[in-house]
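Structure at a glance
Next come the chains, spelled out residue by residue.
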Amino acid sequence: MRETLLEIKGLTKAYPGVIANSDVSFSIGRGEVHALLGENGAGKSTLVKMIYGLVKPDSGSMRLNGSAFAPQDPHAARASGVAMVFQHFSLFEALSVAENVALGMENPPKPRDLARQIREVSETYGLPLDPDRTVGGLSAGERQRVEIIRCLLQEPKLLIMDEPTSVLTPQEVEILFQTLRKLSAEGTAILYISHKLEEIRSLCETATILRLGKVVETCDPRDTTARQLAELMVGASFDAVTREARAPGAVRLAVHNLSARSPNAFGTALKDVSFEVRAGEVLGIGGVAGNGQDELLAALSGEIVTRPEMVEFDGTPVGGQGPEARRTAGLLSAPEERLGHAAAPDMSLTENAILTAAAREGLMKNGFLDWSGARGFTEKVIKAFDVRTPGPGTAARALSGGNLQKFVIGREVMQRPEVLVVNQPTWGVDAAAAAAIRQALLHLAGEGAAVVVISQDLDELMEVADRFAALNEGRLSDIRPVQGLTVEQIGLMMGGAHDMEVAHVEA
Amino acid sequence: MIHLVKRPQPSRVWTAVTPLLAVVLTMIVGGIMFAALGKPPLEAIRTIFWDPLFHPQFAAYSRPQLLVKAGPLILIAIGLSIGFRAGIWNIGAEGQYIMGAITGAAVGLAFYPLDSFIVFPLMVIAGALGGWAWGMIPALLKVKFGTNEILVSLMLVYVAEAWLASVSSGLLKNPEGRGFPGSRNFQQYDAGANTEVIAGTGMHWGVVAAFVAVIFAYVLLTRHIRGFHIRLTGEAPRAARFAGVNPGRVVIFCLGLSGALAGMAGLFEVSGPAGQITIDFNSGYGFTAIIVAFLGRLHPVGILLAGLLMALTYIGGELAQLMLGLPGASIQLFQGMLLFFLLATDVFTNYRLQFGQGETA
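Residues numbered from 1 in each chain as written. Chains lettered and ligands numbered in written order. Predicted model: local features only at pLDDT ≥ 70, side-chain atom pairs only at ≥ 80, totals over all residues.

1. Description of the overall build of chain B
Let me state the cut-off plainly: Per the convention used, a helix needs a DSSP run of H or I reaching at least four residues, while a strand needs a run of E reaching at least two, with both numbered from the N terminus. Residues with at least 20 neighbouring C-beta atoms inside 10 Å of their own are called buried, those with 12 or fewer are called exposed, and the rest are partly exposed, where every C-beta is derived from the backbone. By definition, residue pairs are in contact when their C-beta atoms, positioned from the backbone, come within 7 Å.
Secondary structure assignment for chain B yields 14 helices and four strands. Principal axes of the C-alpha set define a box for chain B whose edges measure 75 × 55 × 35 Å. The buried share of chain B, taken over its 361 residues, is 48%. Pairs at least 24 apart in sequence give 78% of the contacts found in chain B among residues at least 6 apart.

Set out below in structure tokens:
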């Protein structure tokens with residue numbers, strides 16, 4: 001057993017209407033890599049916010065190094081040796097690496113000394129980084145390094161990492177893990193938050209599993225299967241996604257040399273993207289966030305209009321058509337951002353059903369809306385996709401993220417699309433609901449539709465896709481059958497380590 | 001400590017209660033203001049809200065005035081509210097109102113002294129087109145060059161006022177007016193006069209048009225896909241584009257419609273209650289209609305009621321100036337309070353108060 005670093009006893013935190021953490025107790029040893037596992041809403045964020053001094057617990061206590069630990073704010077937590085790398089980076093794109101690091105420090109040293117320290121730390125831990133480079137030109141993986149180095153310069157005893165691999169390619173993940181293992185060997189404890197089970201099994205030695213704010217199990221993930229972990233997280237066994245055997249049919253969606261500028265100033269332009277999807281087939285498109293996923297969806301949904309022949313649907317050029325015409329023909333889509341893009345937050349679910357289903361479901365005649373028909377369709381979606389809501393009159397923003405996601409996907413699937421394009425279909429959705437959504441996509445393909453799944457979740461793509469391609473800086477890689485594809489190959493398709501060198505770690 | 005906590009969805013009760021609460025609060029605070037001015041507060045409030053309708057002596061005159069004043073306010077506010085629903089802020093209805101009056105009157109005067117039933121309908125169409133064209137200027141500038149429609153439409157009010165001053169002493173000047181500025185009076189030109197539909201009620205053709213506009217807007221916003229797309233554009237512009245809405249077309253439709261309705265209101269006013277084009281023909285209806293639109297919660301039926309209420313405070317205010325010697329500015333303050341309290345209480349539709357310690361994170 002390791003010597004205990006942080007001991008948490010009976011932490012409880014309630015918000016109006018919801019208990020985020022209830023009597024949570026566990027301990028982290030010196031140099032231990034400890035996983036905190038749970039679904040969205042299980043209370044992981046609240047728990048680490050309490051450790052980092054962002055939220056005060058209602059009751060319970062913490063001990064760090066044997067003495068009482070109750071940080072008033074993040075400054076106090078940092079002073080006690082707790083550092084945290086957030087899921088969303090807080091970096092200024094126009095400033096250099098060193099300037100960004102200095103901004104996050106309590107007492108930054110002189111610029112020249114700081115640059116030297118950054119070089120030292122980055123070499124020691126295998127995180128090569130030039131302190132003079134501008135953050136705006138760095139890849140997501142390199143930006144994460146800036147955040148990590150900012151933490152390491154404070155020589156933390158405990159490093160909290162919130163979903164660190166969601167923006168990394170498999171190669172970059174491997175580099176990160178080597179760094180974390182080295183830190184662990186030197187005695188720095190790491191609290192690693194994730195819902196990616198395989199990752200946790202390869203990195204962590206202890207896992208605390210949270211469900212509905214309570215600790216349900218503390219175990220050694222290396223001795224537990226991913227399926228057991230998933231069931232502990234969900235609290236029930238759920239059906240694994242099954243594929244129906246099917247032979248691909250005719251080409252339904254064809255994209256030829258699609259190039260388009262992003263409507264967003266910080267977006268990524270699409271460059272010469274070509275692919276075909278056949279009836280009964282699921283094409284998975286992976287890639288690190290911000291490499292053209294949103295733009296590809298917009299070009300297929302009709303929000304970005306291109307030259308007609310760039311997008312062909314059942315042999316008809318549709319690249320010049322807007323969303324309504326494509327939808328009526330049977331080319332449907334569901335964007336990543338639920339609130340504000342796929343759905344209007346303050347409108348009811350019925351109104352949000354009208355948003356995409358009006359023409360195809362016959363919910364209007366001569367432009368006049370059939371509200372009772374729309375309510376009926378909404379109720380069908382709610383029932384078929386198990387959307388937890390008081391009823392079709394509820395505002396979209398009142399639904400939890402997962403429930404709204406089920407509604408948004410359900411709304412398209414229930415319209416029996418000929419081609420369906422989805423971006424991040426199970427983002428923020430609990431495991432059982434995610435399985436149901438994936439099953440619905442596979443079922444749709446089984447009935448002869450062509451499905452394009454854009455996702456950053458590689459496990460998801462491996463589960464549903466027949467063929468796989470990756471977007472990297474707006475370009476699409478070669479398309480390969482999923483069967484027999486290795487993680488290494490996928491990583492290279494996603495852009496490999498983005499030219500970051502694999503460091504020499506002497507751990 | 002008191003905190004505002006966002007409601008999961010807008011409260012239906014508060015949506016209905018806020019306008020009434022705003023009226024009550026305005027009466028209370030307005031009463032205090034009148035008392036501070038040394039006037040009897042209860043009598044002042046009664047003079048504003050009650051006497052115009054039921055005073056034994058004045059009501060016969062002021063009751064028809066209610067519709068005369070409410071008509072243009074409602075007609076303009078309906079047009080504005082449709083744009084506001086889409087997040088398109090036409091602040092220049094006053095200018096579109098003036099231009100509608102000028103173009104409509106010009107057509108009528110061009111036919112003078114022809115006595116044909118066709119003259120008045122042609123004037124209405126010309127008035128609507130004039131307002132529409134004036135609304136198209138900010139619309140096209142916004143769509144083509146991304147200019148701000150608030151600024152452009154507001155600035156065009158002053159251009160329209162300059163046009164008004166010019167034509168009333170130039171192009172449209174009454175040739176028999178002994179050199180005084182101002183056009184011929186439509187009340188002396190039957191074919192071009194906006195007469196009362198039911199005598200003695202104040203209900204002229206403009207009031208009829210306002211009622212038709214209320215029904216039209218209600219059907220558009222609640223039953224038609226175009227109205228749905230307008231609301232969607234205001235609520236979530238990205239979702240609207242995803243649904244297939246062309247944002248430029250919504251801008252052109254909304255500014256065109258509100259301009260046409262304001263232009264019609266101007267024509268009905270110039271050919272009816274005002275009678276002629278004069279330098280100071282416009283009386284601020286285009287700006288007051290903004291208050292009416294919000295007081296009516298951008299809902300057609302709400303705007304109908306708000307227009308009547310606003311007209312009442314106008315007439316009552318004049319009465320209070322006359323009978324109690326209240327300063328005119330205090331009446332404007334009183335009307336301003338109404339909007340202020342409405343917007344203030346409106347917060348509770350989407351938020352609720354929470355007492356006690358709040359979360360910082």
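2. Brief notes about the overall build of chain A
The condition is simple: For a compact globule the rule gives 2.2 Å times the number of residues to the power 0.38, and the radius of gyration it is set against comes from C-alpha atoms.
The secondary structure content of chain A amounts to 16 helices and 23 strands. Relative to its length of 507 residues, chain A is compact, with a C-alpha radius of gyration of 24 Å against a globular reference of 23 Å. If one aligns the C-alpha atoms of chain A with their principal axes, the spans along those axes are about 70 × 45 × 40 Å. Residues classed as buried in chain A amount to 49% of the 507 residues present. In chain A, once contacts between residues fewer than 6 apart in sequence are set aside, the share between residues at least 24 apart is 69%.

3. Brief notes about the confidence of the model for chain B
Residues and elements named next belong to chain B. Note the cut-off: Note: pLDDT gives the predictor's confidence per residue, expressed from 0 to 100.
Averaged over all residues, the pLDDT of chain B is 91; the fraction at 70 or higher stands at 98%. Predicted confidence in chain B is weakest over strand S1 (residues 2-6), with a mean pLDDT of 79, and strongest over helix H6 (residues 119-145), with 97. Predicted complex metrics record ipTM = 0.84 and pTM = 0.80.

4. Examining unusual backbone geometry
Omega for the bond connecting Tyr112 of chain B with Pro113 of chain B falls within 30 degrees of zero, at 5°, which places this linkage in the cis form. In this fold, Pro113 of chain B is placed in the loop between helix H5 (93-111) and H6. In this structure, Asn65 of chain A is a non-glycine residue whose phi angle is positive, near 55°. Mapping Asn65 of chain A onto the fold places it in the loop between strand S4 (59-64) and strand S5 (67-68). Positive phi outside glycine occurs at Leu298 of chain B, with the angle close to 60°.

5. Quick word on the confidence of the model for chain A
Model confidence for chain A is summarised by a mean pLDDT of 87, while 95% of its residues fall at 70 or above. Here residues 501-507 of chain A is modelled with pLDDT under 50, and outside its nearest four sequence neighbours on either side it reaches 14 contacts, counting other chains as well.

6. Considerations on H5 of chain B
Rules: Residue count minus one, scaled by 1.5 Å, sets the expected span of a helix.
With 19 residues, H5 of chain B extends 27 Å between its outermost C-alpha atoms, agreeing within 8% with the 27 Å of an ideal straight helix rising 1.5 Å per residue. Most of H5 of chain B is tucked away, with 16 of its 19 residues classed as buried.

7. Description of the interface of chain B and chain A
Many authors give the size of an interface as the accessible area that is lost as the parts come together. Under the convention used in this document: As a working rule, the residues Ala, Val, Leu, Ile, Met, Phe, Trp, Tyr, Cys and Pro are called nonpolar, Asp, Glu, Lys and Arg charged, and the rest polar, with Gly in that last group.
The interface is formed by 17 residues belonging to chain B together with 29 residues belonging to chain A. Breaking the side of chain B that touches chain A down by element, the ones donating at least two residues are helix H9 (225-235) and helix H10 (237-243) of chain B. Looking at side-chain class alone, the side of chain B that touches chain A contains nine nonpolar, three polar and five charged residues.

8. Topic: the packing of H5 of chain B against helix H7 (residues 149-168) of chain B
Packed helices, taken two at a time, are described by their axes: the angle between them and the distance between them. Residues and elements named next belong to chain B. Stated formally: Here an axis means a line fitted to C-alpha atoms, over the contact stretch when the element is a helix, while the angle between two N-to-C directions is reported on a 0 to 180 degree scale. When an angle is under 35 degrees it counts as roughly parallel; over 145 it counts as roughly antiparallel; between 65 and 115 it counts as roughly perpendicular; any other value is oblique. Working rule for handedness: look at the near helix, and if it is turned counterclockwise from the far one by less than a right angle, call the crossing left-handed; if clockwise, right-handed.
Running from N to C, H5 and H7 point in directions that differ by 30°, and their axes come no closer than 8 Å. Comparing the axis directions of H5 and H7 gives the class roughly parallel. Considering only the axes of H5 and H7, their crossing is left-handed. Contact residues: Glu94, Gly95, Ile98, Met99 and Ile102 in H5; Leu156, Val157, Val159, Ala160, Glu161, Trp163, Leu164 and Val167 in H7. Looking at the contact of H5 with H7 residue by residue, the classes come out as 10 nonpolar, one polar and two charged.

9. With respect to the domain arrangement of chain A
All names here are of chain A. Note the following rule: Those domain boundaries reflect an automatic or database domain assignment.
Here chain A is partitioned into domain 1 (4-234) and domain 2 (251-339 + 416-493). Here the C-alpha centroids of domain 1 and domain 2 sit 33 Å apart. Taken together, the 12 residues of domain 1 in the interface contact 10 residues of domain 2. Counting residues per element, the ones that place at least two in the side of domain 1 that touches domain 2 are helix H6 (170-185) and helix H8 (226-234). Examining the composition of the side of domain 1 that touches domain 2, we find that three residues originate from one element, H8, more than from any other. Its residues assigned to classes, the side of domain 1 that touches domain 2 comprises seven nonpolar, four polar and one charged.

10. With respect to the sheet that holds strand S15 (residues 316-317) of chain A
All names here are of chain A. The following threshold applies: Note: two strands are recorded as paired if DSSP finds a minimum of 2 bridges between them.
Within the open sheet, the four strands sit side by side as S12-S11-S14-S15. Their pairing is antiparallel. Looking at the sheet topology across the chains shown, the edges are occupied by strand S12 (270-278) and S15. As paired strands, strand S11 (residues 251-260) and S12 are joined by six bridges and run antiparallel to one another. Across the sheet, Val255 pairs through a bridge with Phe275, a residue of S12.

11. A look at the environment of Gly446 of chain A
Relative to the elements of secondary structure, Gly446 of chain A occurs in helix H14 (residues 431-446). Taking the C-alpha atoms as reference, Gly446 of chain A lies 5.4 Å from Gly280 of chain A; in sequence the two are 166 residues apart.

12. Regarding the environment of Ala115 of chain A
All names here are of chain A. Of note, Ala115 is situated in helix H4 (residues 111-124). The spacing of Ala115 and Glu99 is 16 residues in sequence and 9.2 Å in space, taken between C-alpha atoms. The contacts of Ala115, once residues within four sequence positions are left out, are Ala98 and Pro131.

13. Describing the packing of helix H8 (residues 205-223) of chain B against helix H11 (residues 247-271) of chain B
Residue and element names in this part refer to chain B. Running from amino to carboxyl end, H8 crosses H11 at an angle of 160°, the nearest separation of the two axes being 9 Å. Relative to H11, the element H8 lies roughly antiparallel. Of the two elements, H8 crosses H11, and the hand of that crossing is left-handed. Residues Trp205, Gly206, Ala209 and Ala213 of H8 touch H11, and the partners they reach there are Leu261, Met264, Ala265, Phe268 and Glu269. Here the contact of H8 with H11 is built from residues that sort into seven nonpolar, one polar and one charged.

14. Points about the sheet that holds strand S7 (residues 158-162) of chain A
Residues and elements named next belong to chain A. The strand order across the open sheet formed by six strands is S6-S7-S8-S3-S9-S10, and the pairing between neighbours is mixed. If you trace the sheet from one side to the other, it starts and ends with strand S6 (82-85) and strand S10 (214-219), each paired once. Sheet twist, expressed as the average angle between the axes of neighbouring strands with direction ignored, equals 20°. Relative to strand S8 (residues 189-194), S7 is paired through five bridges, and the arrangement is parallel. Paired with Asp162 across the two strands is Ile193, which belongs to S8. Taken strand by strand, H6 contacts strand S3 (33-37), S7 and S8, and its axis lies near 145° from that of S8.

15. Some thoughts on H7 of chain B
All names here are of chain B. Heads up, the condition is: Our arc is simply the arc of the directions from the helix axis toward the C-beta atoms.
The end-to-end C-alpha distance of H7, which contains 20 residues, comes to 28 Å, matching closely the 28 Å that a straight helix rising 1.5 Å per residue would cover. Listing the buried residues of H7 in full gives Glu149, Val152, Ser153, Leu156, Val157, Ala160, Leu164, Val167 and Ser168. Across the axial projection of H7, the buried residues extend over an arc of 155°, all falling on one side. Exposed residues on H7 whose side chains face more than 90 degrees from its buried face are Tyr158 and Ala162. Contact partners of the buried residues in H7: H5, H6 and H11.

16. Here we look at the pairing of strand S19 (residues 419-423) of chain A
Residue and element names in this part refer to chain A. Counting buried positions along S19 yields five of five residues, so the element is predominantly enclosed. Taking every second residue as pointing to the same face, both faces of S19 are buried, with Val419, Val421 and Asn423 on one and Leu420 and Val422 on the other. Sheet analysis places strand S16 (residues 331-334) next to S19, joined by four bridges and oriented parallel. By the bridge assignment, Ala334 is partnered in S19 with Val422. The pairing of S19 with strand S20 (residues 450-454) spans five bridges and is parallel.

17. Quick word on the environment of Leu253 of chain A
Tracing the sequence through the fold places Leu253 of chain A in strand S11. Excluding residues within four positions of it along the chain, Leu253 of chain A makes contact with Val277, Phe313, Val419, Ala450 and Val452 of chain A.

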